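# Fold and contact review
Letter by letter, the chains look like this.
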Protein chains: 2
Amino acid sequence: MDAPVRHLDQVKLGQLGHSVGFLLRLAQLRAFDDFFSENGPQGLKPGEFSVLWVIARNPGIRQSVLGQRLMIKRAHMTKLIRTMEDAGFVSRRIPDRDRRAVELTLTPAGEHQVEKAAVLFFDYEQSTGAPLDDREQAVLVALLKKYVGLQGEAQG
Amino acid sequence: MDAPVRHLDQVKLGQLGHSVGFLLRLAQLRAFDDFFSENGPQGLKPGEFSVLWVIARNPGIRQSVLGQRLMIKRAHMTKLIRTMEDAGFVSRRIPDRDRRAVELTLTPAGEHQVEKAAVLFFDYEQSTGAPLDDREQAVLVALLKKYVGLQGEAQG
DNA sequence: CGAATTTTGTTTACAAGGAAACAATCCGCA
DNA sequence: TGCGGATTGTTTCCTTGTAAACAAAATTCG
């Protein structure tokens, strides 16, 4: 116990190894890495996919509501939407009732893109060597939903 | 079902609401927000704390090993360590056996800072209105550990 | 009505983090 | 010994995301 730590599994984490916040960060990085090793860097990035996916299920959704649900800040959402608009995937509409707002819908190209990407996005989660079996993964999902307050939401 | 979605809990997430990757992102943001609403923006940031904490428990740890364990990329670790060094919390030492490497230890000021911050960091997780009870939180932690491959590691 | 406040989105400036190229050192092996 | 490759850390550049100030429209409430 005298030589400096030089190997990964000698590192002592103490309480940190039991910290929800720390483990969440590691887990997210892992999920991210898994995703990118499956689906190369081509195609939609996770954030872009989630935006298109939610617009597809909620046509005409307001930009602010979309941002709140996905926890994307307004400043960032502006850039994200502009990128998707430039790519020809979403169209913006200013409603008459509230001319500050922006209502979002997918273009046909956007619809097509989401369909294609959805297969990759939702398949990799199961197929990839996720170290959890189905039961464990279900429990994890349930706990995370409760943690983030996503319980009785409309999900259809 | 005709008017555009304008309220948060009307938003339909579909499969996305059951996605581990998506939920992990939301959860991490929530944990982050919780932390910053408890402990103001003063003091150590989460990344800085984790670095100091691990150095405290593993004096002389190499910068590369620290980065691997905390999943911090080398380029970023360089900046983090420099910041901590400038703050007077960390000292760097080039060992003779391998003059590429850097061995890290805390200064007395660094030790003191970690002690002080640890209270905040580990207390907020329990105390804050975490929507999970103790049992649920324990299960969540266990599942996350398994997910990230943090099982038999030394944690003392 | 009409001034103060709030909401919505954009812009601008910045911080956090990652990718790639680089320099220095060490290791393997003929 | 010495050359090729791997490791370690740094630098530079770029992407992602945030904070703050702003503009325009809507809302509140006297």
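Residues numbered from 1 in each chain as written. Chains lettered and ligands numbered in written order. Predicted model: local features only at pLDDT ≥ 70, side-chain atom pairs only at ≥ 80, totals over all residues. Heavy atoms only, no water.

## Some thoughts on the layout of surface pockets
Empty space within the largest pocket amounts to approximately 590 Å³. Lining the largest pocket are 28 residues; nearest its centre among them are Arg25 of chain A together with Phe32, Pro46, Gly47 and Ser50 of chain B. Here the second largest pocket defines a volume of roughly 500 Å³. In terms of lining, the second largest pocket is formed by 25 residues, of which the most central are Phe32, Pro46, Gly47 and Ser50 of chain A together with Arg25 of chain B. (1 Å grid on protein atoms, 1.4 Å probe; cavity = no way out; pocket = protein on both sides within 12 Å on 5 of 7 lines; lining within 4 Å. Points joined across faces, edges and corners; volume = space filled by probe spheres on them.)

## Examining the relation of the copies chain B and chain A
Relating one copy of the chain to the other takes a rotation about an axis and a shift parallel to that axis. Between the two copies, chain B and chain A, the superposition gives an RMSD of 0.1 Å; the rotation angle is 180° and the shift along the axis is 0.0 Å. Expressed as an axis order, the relation between the two copies is that of a two-fold axis. A shared interface surface links the copies, since 100% of the contact residues of chain B are contact residues in chain A too. (Least-squares fit on C-alpha atoms with pLDDT ≥ 70 in both. Contact = heavy atoms within 4.5 Å.)

## Remarks on the protein's contact with DNA strand C
Surrounding DNA strand C, one finds 21 residues, the nearest of these being Ser64, Arg82, Arg92 and Arg100 of chain A together with Lys45 of chain B. Close to the protein, within 4 Å, the atoms of DNA strand C belong to sugar or phosphate groups at a rate of 63%. Within the backbone of serine 64 of chain A, a nitrogen or oxygen atom sits 2.7 Å from a phosphate oxygen of DNA strand C. Arginine 100 of chain A places a side-chain nitrogen or oxygen 2.6 Å from a base oxygen of DNA strand C. (Near = heavy atom within 4 Å. Polar contact = N/O pair within 3.5 Å; in protein donor to acceptor, adjacent residues only side chain to side chain.)

## A short note on the protein's contact with DNA strand D
Taken together, the neighbourhood of DNA strand D is formed by 20 residues, with Lys45 and His76 of chain A together with Ser64, Arg82 and Arg100 of chain B sitting nearest. Arginine 74 of chain B has a polar side-chain atom sitting 3.4 Å from a base nitrogen of DNA strand D. One of the side-chain N or O atoms of arginine 92 of chain B is found 2.7 Å from a phosphate oxygen in DNA strand D. When contributions to the surface near DNA strand D are tallied by element, the ones reaching two or more residues are helix 4 (74-86) of chain A together with helix 3 (63-70) and helix 4 (74-86) of chain B. Looking at the surface near DNA strand D, the element that brings in the most residues is helix 4 of chain B, giving four residues. The residue makeup of the surface near DNA strand D, split by class, is four nonpolar, four polar and twelve charged. (Helix = DSSP H or I, 4+ residues; strand = E, 2+ residues; numbered from the N terminus. Nonpolar A, V, L, I, M, F, W, Y, C, P; charged D, E, K, R; others polar.)

## Things to note about the interface of chain B and chain A
If you look at the interface, chain B gives 66 residues, while chain A gives 66 residues. Each partner contributes to the roughly 7,100 Å² buried at the junction of chain B and chain A, and carbon and sulfur atoms together form 67% of this total. Connecting chain B to chain A are twelve residue pairs in polar contact (both at pLDDT 80 or more). Contributing elements (two or more residues each) for the side of chain B that touches chain A: helix 1 (20-38), helix 2 (46-57), strand 1 (61-62), helix 3, helix 5 (108-127) and helix 6 (134-148) of chain B. For the side of chain B that touches chain A, the element with the highest residue contribution is helix 1 of chain B, accounting for 13 residues. Classifying every residue of the side of chain B that touches chain A gives 34 nonpolar, 16 polar and 16 charged. (Buried area = accessible area lost by both parts, 1.4 Å probe.)

## Some points on unusual backbone geometry
One non-glycine residue, methionine 71 of chain A, lies in positive phi territory at about 55°. In this fold, methionine 71 of chain A is placed in the loop between helix 3 (63-70) and helix 4.

## Side note on the sheet that holds strand 3 (residues 103-106) of chain B
Residue and element names in this part refer to chain B. Ordered by their spatial adjacency, three strands build an open sheet running 1-3-2, and the pairing between neighbours is antiparallel. Of all the strands in the sheet, the pair left with one neighbour each is strand 1 and strand 2 (90-93). Where strand 1 meets strand 3, two bridges bridge the pair, whose relative direction is antiparallel. Within strand 3, the residue paired with isoleucine 61 across the bridge is leucine 104. (Pairing = 2+ DSSP bridges.)

## Brief notes about the side chain of asparagine 58 of chain A
You can see asparagine 58 of chain A is positioned in the loop between helix 2 (46-57) and strand 1 (61-62). Here asparagine 58 of chain A is in contact with Leu104 of chain A together with Val5, Gln10, Val11 and Lys12 of chain B, once residues within four sequence places are set aside.

## Brief notes about the environment of aspartate 98 of chain B
Residues and elements named next belong to chain B. You can see aspartate 98 is positioned in the loop between strand 2 and strand 3. Of the residues examined, aspartate 98 reaches a relative accessible area of 15% and is grouped as buried. Only 2.8 Å separates the side chain of aspartate 98 from the side chain of arginine 100, close enough to count as a polar contact. (Buried < 20%, exposed > 50% of the residue type's maximum accessible area, 1.4 Å probe, protein only.)

## Considerations on the sheet that holds strand 1 of chain A
Residues and elements named next belong to chain A. Read from one edge to the other, the open sheet built from three strands follows the order 1-3-2, with strand pairing classed as antiparallel. Both outer strands of the open sheet, strand 1 and strand 2 (90-93), are each paired with one neighbouring strand and no more. Across the sheet, helix 2 lies against strand 1, strand 2 and strand 3 (103-106), angled at about 95° from strand 3, the strand it touches most. The strands touched by helix 4 are strand 2 and strand 3; relative to strand 2, the strand with the most contacts, the crossing angle is about 120°. (Axes fitted to C-alpha atoms, helices over the stretch in contact; angles between N-to-C directions.)

## Notes on the pattern of salt bridges
Going through the model one piece at a time under the given rule, you end up with 13 salt bridges over all chains. One salt bridge connects glutamate 48 of chain B with lysine 45 of chain B, and the closest N-O pair in it is separated by 3.9 Å. A salt bridge links glutamate 85 of chain B to arginine 92 of chain B; its shortest N-O distance comes to 3.7 Å. One salt-bridge network, held together by shared partners, links Arg62, Asp98 and Arg100 of chain A. (Salt bridge = Lys/Arg side-chain N within 4 Å of Asp/Glu carboxyl O.)

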